[in-house]
Amino acid sequence: MTLTQPFVTEVDFASGVFSPRRGVYQRRLSDMIGMVADPEAAARILESEGDRLIYEVHTVELPVEEGQIPHCTTRILPGTIGGECHMTKGHYHARREQGEVYFGLSGRGLLLLQTAEGETSELEMTAGSAAYVPPYWAHRTVNIGAEDFVFFSVWEARAGHDYGTIERDGFRKLVVLRDGEAVVVDNPKYA
Ligand code: S6P
Ligand code: ZN
């Protein structure tokens with residue numbers, strides 16, 4: 001066990017930026033090819049406009065050990081890929097029994113959840129929403145507004161991330177823009 005020193009981070013609600021800056025990573029269109037419903041549409045955008053930023057994550061760096069509580073912000077930019085709203089990759093926790101809490105900071109989002117047994121849930125999030133991701137639910141967030149959607153997450157260090165299951169099977173539900181409105185539809189390609 002490491003004795004971690006207490007620390008405080010200032011969070012900008014509009015952008016999710018941490019001060020002082022700690023860890024940051026970005027996911028661009030090229031990182032999302034295996035996750036979007038229409039990879040050909042993604043390839044066309046890549047060709048015509050380049051590798052657009054889809055989301056970025058500001059995070060603290062903590063040892064992966066029992067009792068540590070990682071936390072981060074995620075900023076998802078507005079936009080669509082082949083009609084599908086910008087979203088995170090989505091994952092199960094590698095340790096399925098670990099849950100998580102999300103807190104909305106700005107913009108409008110949908111939190112998509114699903115279980116391996118086939119249950120699904122969609123929760124709307126805005127600034128001030130505290131959403132609970134219970135154990136055993138895969139989770140993905142989607143920007144359904146015209147501004148950045150920014151939220152804060154808190155989880156247990158040993159939860160880990162399983163992206164492979166979602167990359168292989170997809171999510172059961174997709175969020176697409178129809179006449180300017182985000183709607184949740186069944187994913188015709190769900191394995
Ligand atoms: C971590 C938590 C979030 C996501 C982040 C990016 O357990 O659920 O911090 O990591 O929103 O999404 P993803 O699906 O690319 O990890
Ligand atoms: Zn998670």
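See the structure printed just above.
Attention here is on the structure that accompanies the text. (Residues numbered from 1 in each chain as written. Chains lettered and ligands numbered in written order. Predicted model: local features only at pLDDT ≥ 70, side-chain atom pairs only at ≥ 80, totals over all residues. Heavy atoms only, no water.)

Observations regarding the overall build of the chain
What the chain contains, in helices and strands, is two helices and 15 strands. In terms of C-alpha radius of gyration, the chain reaches 16 Å, essentially the compact-globule figure of 16 Å for 191 residues. Considered along the principal axes of its C-alpha atoms, the chain spans approximately 50 × 35 × 30 Å. As presented, the chain carries roughly 9,500 Å² of accessible surface, and 51% of it is formed by carbon and sulfur atoms. The distance from the centre of the 18 positive side-chain charges to the centre of the 28 negative ones in the chain is 2 Å. (Helix = DSSP H or I, 4+ residues; strand = E, 2+ residues; numbered from the N terminus. Rg over C-alpha atoms; globule rule 2.2 N^0.38 Å. Areas by Shrake-Rupley, 256 points an atom, 1.4 Å probe, with all protein chains shown as cover. Lys, Arg positive; Asp, Glu negative; His and termini not counted. Charge placed at Lys NZ, Arg CZ, Asp CG, Glu CD.)

Considering the coordination of the zinc ion (ligand 2)
Coordination sphere of the zinc ion (ligand 2), protein contribution only: H91 (NE2), H93 (NE2), E100 (OE) and H139 (NE2), at 2.1 to 2.3 Å. Around the zinc ion (ligand 2), the six donor atoms sit at angles spanning 72 to 172°, and that spread fits a shape best called octahedral. Counting along the primary sequence, the residues that act as donors to the zinc ion (ligand 2) give the motif H-x1-H-x6-E-x38-H. Here H93, found in the loop between β7 (84–85) and β8 (100–106), pairs with H139, found in strand β12 (residues 138–143); they are 46 residues apart in sequence, far enough to count as distant. Of the residues examined, H93 reaches a relative accessible area of 2% and is grouped as buried. (Donors = N, O, S within 2.8 Å, 3.2 Å for Na, K, Ca; no water. Tetrahedral: all angles 85-135°; square planar, octahedral: opposite > 155°, others 65-115°. Buried < 20%, exposed > 50% of the residue type's maximum accessible area, 1.4 Å probe, protein only.)

Topic: the nonpolar core
What tends to happen in soluble globular proteins is that the nonpolar side chains get buried as a cluster. Counting residues in hydrophobic clusters, the biggest one holds 34 residues, and the most contacted among them are M32, I81, L111, M125, V142 and V175. Looking at this core, the elements that each hand over two or more residues are α1 (39–49), β4 (53–59), β5 (71–76), β9 (109–114), β11 (130–133), β12 and β13 (149–155). Considering each element in turn, this core owes the most residues, four residues, to β9. (Core = buried A, V, L, I, M, F, W, Y, C linked by side-chain atoms within 4.5 Å.)

Concerning the site of ligand 1
Near ligand 1 you find 17 residues, and of these Y55, T74, E100, Y102 and Y163 are the closest. The side chain of Y55 places a nitrogen or oxygen atom 2.5 Å from an oxygen atom of ligand 1. Between ligand 1 and the protein, one listed contact pairs an oxygen atom with a side-chain N or O atom of H91 at 2.9 Å. In isolation ligand 1 has 400 Å² of accessible area, and contact with the protein removes 99% of it. Spatially, ligand 1 is embedded in the largest pocket. At the level of elements, β5, β8 and β13 are the ones that each hand at least two residues to the shell around ligand 1. Per-element tally for the shell around ligand 1: the top contributor is β13, with three residues. For the shell around ligand 1, the per-class residue count stands at seven nonpolar, eight polar and two charged. (Near = heavy atom within 4 Å. Polar contact = N/O pair within 3.5 Å; in protein donor to acceptor, adjacent residues only side chain to side chain. 1 Å grid on protein atoms, 1.4 Å probe; cavity = no way out; pocket = protein on both sides within 12 Å on 5 of 7 lines; lining within 4 Å. Sits in = over half its atoms within 2 Å of the grid points. Nonpolar A, V, L, I, M, F, W, Y, C, P; charged D, E, K, R; others polar.)

Observations concerning the pairing of β12
With six of six residues buried, β12 lies mostly within the body of the structure. Residues of β12 alternate between two faces, with A138, R140 and V142 on one and H139, T141 and N143 on the opposite face, all of them buried. Alignment of β9 against β12, held across six bridges, turns out to be antiparallel. Looking at the pairing, L111 lines up with T141 of β12. (Pairing = 2+ DSSP bridges.)

A few points about the pattern of salt bridges
Counted according to the given criterion, the structure contains eight salt bridges. Note that R75 is salt-bridged to D148, the shortest N-O span being 2.8 Å. Note that R75 is positioned in strand β5 and D148 in the loop between β12 and β13, a separation of 73 residues in sequence. Classification of R75 as buried rests on a relative accessible area of 16%. (Salt bridge = Lys/Arg side-chain N within 4 Å of Asp/Glu carboxyl O.)

Comments concerning the layout of surface pockets
Here the largest pocket defines a volume of roughly 470 Å³. In terms of lining residues, the largest pocket is bounded by 28 residues, among which Y25, C72, W155, H161 and Y163 are the most central. Mapped onto the lining of the largest pocket, the elements with two or more residues apiece are β3 (23–28), β4, β5, β8, β12 and β13. In terms of residue class, the lining of the largest pocket is made up of 14 nonpolar, ten polar and four charged. Surrounding the second largest pocket, 17 residues form its lining, M35, V36, G170, N187 and K189 being those nearest its centre. Ranked by residues supplied to the lining of the second largest pocket, first place goes to helix α2 (residues 164–169) with four residues. (Points joined across faces, edges and corners; volume = space filled by probe spheres on them.)

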